[in-house]
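# Understanding the architecture of this molecule
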Amino acid sequence: MAAKKTARKKKDPNAPKRSLSAYMFFANEQRDIVRAENPGIAFGQIGKLLGEKWKALDEAGKAPYEAKAEADKKRYELEKSEYAKTQA
DNA sequence: TCGGTGATTGTTTTT
DNA sequence: AAAAACAATCACCGA
């Protein structure tokens, strides 16, 4: 009951967007590391290798990324709150 | 009150 | 420029 890929669509006037994901923060670090350890790795492999490693970490490993994820969410809450005003 | 839906986020690489 | 694997998200709204 769920089949989507990319190219979503918008719908809000100001669209406060949402926020990032722990993966986004983690990927930010992995991108340098994974690719650094895999010089010449292809996107198809990096993406997968990245994902499996993501969880391969420990709770504490994703902690920093997770922590930023929640922090980023607050960021969105704020922009959304202001958007709710202007949109009203 | 409660659920699930959709929209979105960012990276990499490839063409 | 955009798309797809990779994962999380999670706030939003209505009935």
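These numbers come from a predicted model, not from an experiment. (Residues numbered from 1 in each chain as written. Chains lettered and ligands numbered in written order. Predicted model: local features only at pLDDT ≥ 70, side-chain atom pairs only at ≥ 80, totals over all residues. Heavy atoms only, no water.)

The immediate surroundings of DNA strand B are formed by 16 residues, with Arg8, Lys9, Arg31, Arg35 and Phe43 found nearest. Each atom of DNA strand B within 4 Å of the protein belongs either to a base or to sugar and phosphate, the latter forming 61%. Within the backbone of Ser19, a nitrogen or oxygen atom sits 3.1 Å from a sugar or linking oxygen of DNA strand B. Counting residues per element, the ones that place at least two in the surface near DNA strand B are α1 (22-37) and α2 (43-56). Ranked by residue count, the leading element in the surface near DNA strand B is α1, at 4 residues. (Near = heavy atom within 4 Å. Polar contact = N/O pair within 3.5 Å; in protein donor to acceptor, adjacent residues only side chain to side chain. Helix = DSSP H or I, 4+ residues; strand = E, 2+ residues; numbered from the N terminus.)

You can see Ala42 is positioned in the loop between α1 and α2. Note on Ala42: relative accessible area 42%, which makes it partly exposed. Spatially, the C-alpha atoms of Ala42 and Glu66 are 26 Å apart, while their sequence positions differ by 24 residues. (Buried < 20%, exposed > 50% of the residue type's maximum accessible area, 1.4 Å probe, protein only.)

Once that is clear, we can look at the UniProt feature "DNA-binding region" (unreviewed entry) in chain A. UniProt's entry tags residues 16-84 with the feature "DNA-binding region" (unreviewed entry), counted in the numbering of this structure. For the annotated span residues 16-84, helix accounts for 81% and strand for 0% of the residues, and the straight-line distance between the end C-alpha atoms is 9 Å. (UniProt positions renumbered as here; feature names shortened; annotations may be inferred.)

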